[in-house]
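# Coordinate inspection notes
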There are 2 protein chains.
Amino acid sequence: MMATNGKEACGVKDDVSPVSSNGSAVNGKATEAPPLSKLQNGGAVRPERFTFSPEPTIEDIRRMQAEFTDERDWNQFHQPRNLLLAMVGEVGEVAELFQWRGEVAEGLPDWTESEREHLAHELSDVMIYLVELAEKCHVDLPQAVLRKMALNRLKYPASKVHGSAKKYTEYKD
Amino acid sequence: MMATNGKEACGVKDDVSPVSSNGSAVNGKATEAPPLSKLQNGGAVRPERFTFSPEPTIEDIRRMQAEFTDERDWNQFHQPRNLLLAMVGEVGEVAELFQWRGEVAEGLPDWTESEREHLAHELSDVMIYLVELAEKCHVDLPQAVLRKMALNRLKYPASKVHGSAKKYTEYKD
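Residues numbered from 1 in each chain as written. Chains lettered and ligands numbered in written order. Predicted model: local features only at pLDDT ≥ 70, side-chain atom pairs only at ≥ 80, totals over all residues. Heavy atoms only, no water.

### Some remarks on the interface of chain B and chain A
Contacts between the two partners involve 101 residues from chain B and, on the opposite side, 101 residues from chain A. With both sides pooled, the region where chain B packs onto chain A buries about 9400 Å², and carbon together with sulfur makes up 65% of that total. The largest contributions to the chain B side of the interface with chain A come from B:Phe52, B:Arg81 and B:His138, which together make up 9% of the buried area. With its nearest N and O atoms 3.2 Å apart, the salt bridge here joins A:Glu135 to B:Arg49. Where chain B meets chain A, there are 34 residue pairs in polar contact (both at pLDDT 80 or more). Of all the secondary structure elements, the ones that give two or more residues to the side of chain B that touches chain A are helix H1 (58–71), helix H2 (80–98), helix H3 (113–136), helix H4 (141–155) and helix H5 (158–161) of chain B. Broken down by element, the side of chain B that touches chain A gets its largest block of residues, 16 residues, from H3(B). Grouping the amino acids of the side of chain B that touches chain A by side-chain chemistry returns 53 nonpolar, 26 polar and 22 charged. (Contact = heavy atoms within 4.5 Å. Buried area = accessible area lost by both parts, 1.4 Å probe. Salt bridge = Lys/Arg side-chain N within 4 Å of Asp/Glu carboxyl O. Polar contact = N/O pair within 3.5 Å; in protein donor to acceptor, adjacent residues only side chain to side chain. Helix = DSSP H or I, 4+ residues; strand = E, 2+ residues; numbered from the N terminus. Nonpolar A, V, L, I, M, F, W, Y, C, P; charged D, E, K, R; others polar.)

Here's what the structure looks like:
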């Protein structure tokens, strides 16, 4: 399904948008093809980045999961702390896929298709519970991410932290 | 910032789209107002659901985080296993906010504004690392979620599991 680039640290987007037999339509219209990656930083030469499909949006996922939960009368089980524990469980399932492997290169060049799809499922489970947890906590997750990213830019000015992994509390003014 | 509905299990959307001083524009255009919730299940009477803003999309978040990482020359630290551990750390920070509290009702009626914003930050950190982890693993996260939700509908048919929290392996045919 996906060509890999050996051990290269930066993958090139090629066949990266597998569409299942059931799942290419969102809201009754066909999902658009993913946009081509663009060169970043004002045109500096850089390998093309792996990109995501534009849909479904976070709100699409929230709505679909709300419908799934409603249809099964499962809101009685989906209190915030239960959802948090469910998310923790799914993070554990992602961790299981990486344990005992040593370092893993970008693009997972040594993984089988079946292992990649297993990982896609477990990352999706984390996403689904994260979205439902945010909904039940009345946190507007997409906008919250924008605010947090703005904070991160303030905490870690590019000119100050370039190439360093220190925490922001360790930098001197 | 956000009115709450006492202990009601289903919140009503009111002022749920706080916009930071920096962050309401995505891709140079203003973020649209969130759509009104719609009644679900063919018009059955149900309290309005809390909804998210339509933007940023998951791909918007991936692109913004990639730019943030590139500008700081941090890709050297962002291997898949490092990102997974970073995500685990952020999930732990979410868990800290819920520990010792006992049950927490939908909408977090007893939480202060500061506690809500702290939660919004920590959920956002989980989201940011989840998105970057998926990118570096070349998993098209939005499409992967669609496939997983289709699988979940097959594993848990509404007619069979209504009102039950059993795992799918516990149901008899």
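### With respect to the relation of the copies chain B and chain A
Expressed as a screw operation, the relation of chain B to chain A combines 0.0 Å of axial shift with a rotation of 180°, fitting to an RMSD of 0.0 Å. The superposition of one copy onto the other is thereby described by a two-fold rotation axis. If distances are taken from each C-alpha of chain B to the rotation axis, the shortest is found for B:Thr57, at 2.6 Å. An overlap of 100% is found between the interface residues of chain B and their copies at the interface of chain A, pointing to a shared contact surface. (Least-squares fit on C-alpha atoms with pLDDT ≥ 70 in both.)

### Concerning the confidence of the model for chain A
All names here are of chain A. Per-residue pLDDT for chain A has a mean of 80; in total, 72% of the residues score no lower than 70. The low-confidence segment residues 1–43 (pLDDT under 50) makes 84 contacts with residues lying over four places distant or belonging to another chain. In the model output, the complex is listed with pTM 0.75 alongside ipTM 0.75. (pLDDT = per-residue confidence, 0-100.)

### Concerning H4(B)
Taking 1.5 Å per residue, 15 residues should reach 21 Å; H4(B) reaches 21 Å between its end C-alpha atoms and fits that length. Among the 15 residues of H4(B), 11 are classified as buried, and the element is accordingly described as predominantly covered. (Expected span 1.5 Å × (residues − 1). Buried < 20%, exposed > 50% of the residue type's maximum accessible area, 1.4 Å probe, protein only.)

### Points about the packing of helix H4 (residues 141–155) of chain A against H1(B)
Each pair of packed helices can be described by the angle between their axes along with the distance between the axes. For the pair H4(A) and H1(B), the least separation of the axes is 12 Å and the interaxial angle reads 5°. With respect to H1(B), the axis of H4(A) lies roughly parallel. Residue-level contacts link A:Val145, A:Leu146, A:Met149, A:Asn152 and A:Arg153 of H4(A) to B:Ile61, B:Met64, B:Gln65 and B:Phe68 of H1(B). Taken together, the residues that form the contact of H4(A) with H1(B) break down as 6 nonpolar, 2 polar and 1 charged. (Axes fitted to C-alpha atoms, helices over the stretch in contact; angles between N-to-C directions. Parallel < 35°, antiparallel > 145°, perpendicular 65-115°, else oblique.)

### Observations regarding the packing of aromatic side chains
Tallying each qualifying case throughout the model produces 8 aromatic pairs over all chains. With centroids separated by 6.3 Å and ring planes inclined at 80°, the aromatic side chains of B:Phe50 and B:Phe52 adopt a geometry described as edge-to-face. Take B:Phe50 and B:Phe52: they sit in the same class, and that class is buried. Between B:Phe98 and B:Trp111, the ring centres sit 5.1 Å apart and the planes meet at 50°, which makes this aromatic pair tilted. With B:Phe98 in helix H2 and B:Trp111 in the loop between H2 and H3, this residue pair connects regions lying 13 residues apart in the sequence. Take B:Phe98: its relative accessible area is 2%, and that puts it in the buried class. Members of the aromatic cluster, each reached through a chain of ring pairs, are A:Phe68, A:Trp74 and B:Tyr156. Sitting over the ring of A:Trp111, A:Arg101 keeps its end group 4.0 Å from the ring centre. (Phe/Tyr/Trp six-rings, centres within 6.5 Å; stacked < 30°, edge-to-face > 60°. Lys NZ or Arg CZ within 6 Å of the ring centre and 35° of its normal.)

### Some thoughts on H2(B)
Residue and element names in this part refer to chain B. Counted at 1.5 Å a residue, the expected span for H2 with its 19 residues is 27 Å, and the 28 Å between its end C-alpha atoms agrees. Considered for burial, the residues of H2 that qualify are Pro80, Leu83, Leu84, Met87, Glu90, Val91, Val94, Leu97 and Phe98. Taken down its axis, H2 places every buried residue within 125° of arc, on the same side. Exposed and facing more than 90 degrees away from the buried side of H2 are Leu85 and Glu96. (Arc of directions from axis to C-beta.)

### Considering the environment of A:Lys148
Tracing the backbone through its elements, the reader meets A:Lys148 in helix H4. Those residues in contact with A:Lys148 that sit more than four places away from it in its chain are A:Lys155, B:His121, B:Ser124, B:Asp125 and B:Ile128.

### Things to note about the pattern of salt bridges
Residues and elements named next belong to chain B. Following the criterion strictly, the structure yields 24 salt bridges over all chains and no others. Residue Arg116 pairs with Glu113 through a salt bridge whose shortest N-O separation is 3.7 Å. Residue Arg116 and its partner Glu113 are both found in helix H3; the two are separated by 3 residues, about one turn of the helix. We classify Arg116 as buried; its relative accessible area is 8%.

### Some details on the environment of A:Leu130
Position of A:Leu130 among the secondary structure elements: in helix H3 (residues 113–136). Separated by 46 residues in sequence, A:Leu130 and A:Leu84 have C-alpha atoms that sit 7.7 Å apart. Beyond its immediate stretch of four places on either side in the chain, A:Leu130 contacts A:Met87, A:Leu141, B:Leu123, B:Val126, B:Met127 and B:Leu130.

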